[in-house]
Amino acid sequence: MIRTRTALALATAAAGLLSVASVTATATAAPLPLAGSTTVTPAGHAFKATLSGKATLKAGSVTVTCSVSVSTGTVPAAPGNHNAAGPVSSPISAPTYSSCTSSMPGVTPTVTTSGAWTVSMQHGSPVTATMTVPVGGLVVKTTGLASCTVTTAPTAAANVGGTWTNGAPSNLTFSNVSVPVKVTGGFGCPTSATSSTFNAVYLVSDTTDPAQQITVAP
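Model, not experiment: these values are computed from the prediction.

Asker: Just to check I follow, could you spell out the state of the cysteines for this structure?
Answerer: As used in these notes, a disulfide is a covalent bond between sulfur atoms, one from each of two cysteines. Under the definition given, this model contains two disulfides. Residue Cys-66 pairs covalently with Cys-100 via a disulfide, S to S 2.0 Å. Looking along the S-S bond of the Cys-66-Cys-100 disulfide, the torsion reads about 105 degrees, which is the right-handed sense. Residue Cys-66 is found in strand S4 (residues 62-74), and its partner Cys-100 is found in strand S7 (residues 96-102); the two are separated by 34 residues along the sequence. Between the sulfur atoms of Cys-148 and its disulfide partner Cys-189 the distance amounts to 2.0 Å. Looking down the S-S bond of the Cys-148 and Cys-189 bridge, the torsion is -90 degrees, so its handedness is left-handed. With a gap of 41 residues between them, Cys-148 in strand S12 (residues 148-152) and Cys-189 in the loop between strand S14 (170-185) and strand S15 (195-206) connect regions that are remote in the sequence. Under the relative-accessibility criterion, Cys-189 is labelled buried at 10%.

And the structure:
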């Protein structure tokens, strides 16, 4: 009888634990709230993003600095320029980078980009922007005293998060964003680095009608 009661007590306790675990799992799996609405205007207008100042990409102890960078794209035509519950995405040209220098003496960097890049805008406080780099979409190669290759997004597309500010022109800012990289090469190359830090500010202008501004609203 004592054994029977003990077994029943253990079974009851186990059932209680399972019930708590079930409730906890259900609470954890609850869906996140939907993002707010986003509208990018003017619908269908082409835009150009031009680097303001300098862009830096730091991997380990090595920093590559570029003073020229440009990308172009087009705001989706209506109604694609509006999303009632999330961001609005636009394909952009792979940004070009030139006039680049390295923090390593006697080393010259060259930056090449390729593939299908996109940028998405999400209205909020602040307005957020995400630039998606395709697999291997940005490669830095150095020559001189150190021959290194730094490949961004080496195994999967990488999302680079930034902020958007409406203005004349509007601007897109990336501040100390971590981006996955793979570094190969010999002496002097930061081969142990698995991520790099990206900084850049782009001024975004409307090239279809320069009198207007590219704007992100609800």
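Asker: Would you explain the sheet that holds strand S16 (residues 215-217) in this entry?
Answerer: Spatial ordering of the open sheet is given by S5-S1-S16, a layout of three strands whose pairing is antiparallel. The two strands at the open ends of the sheet, each matched to only one other strand, are strand S5 (82-83) and S16. Pairing analysis gives three bridges linking strand S1 (residues 38-41) to S16, with the strands arranged antiparallel. Paired with Thr-39 across the two strands is Ala-217, which belongs to S16.

Asker: How should I be thinking about the environment of Ser-196 in this particular structure?
Answerer: When you line up the elements, Ser-196 lands in strand S15. Spatially, the C-alpha atom of Ser-196 lies 9.4 Å from that of Val-150, the residues being 46 residues apart in sequence. The contact partners of Ser-196, leaving out residues within four places of it in the chain, are Leu-57, Lys-58, Ala-59, Val-177, Ser-178, Val-179 and Val-181.

Asker: So what exactly am I meant to see when it comes to the environment of Phe-198 here?
Answerer: Turning to its location among the elements, Phe-198 is positioned in strand S15. On the accessibility criterion, Phe-198 (7% relative accessible area) is buried. Note: C-alpha distance between Phe-198 and Leu-57 (141 residues apart in sequence) is 4.7 Å. Apart from the residues within four sequence positions on either side, Phe-198 is in contact with Ala-55, Thr-56, Leu-57, Tyr-97, Met-131, Val-160, Phe-174, Ser-175, Asn-176, Val-177 and Val-179.

About the criteria used
Every chain is numbered independently, its residues counted from 1 as its sequence is written. It should be noted that, the model being predicted, local features are given only for residues of pLDDT at least 70 and side-chain atom pairs only at 80 or more, the latter also being counted only at that level, while totals for whole chains, interfaces and linings use all residues. For the side-chain quantities, the full set of heavy atoms in the structure was used; hydrogens and water were omitted. Note on terminology: disulfide denotes any pair of cysteine sulfur atoms within 2.5 Å. Here a helix means four or more residues in a row that DSSP labels H or I, a strand means two or more in a row labelled E, and each is numbered from the N terminus. Any residue under 20% of the maximum accessible area for its type is buried, any over 50% is exposed, and the rest in between are partly exposed; the area is computed with a 1.4 Å probe on protein chains only. For two strands to pair, DSSP has to find at least two bridges joining them. Residue contacts are counted whenever heavy atoms from the two residues lie within 4.5 Å of one another.

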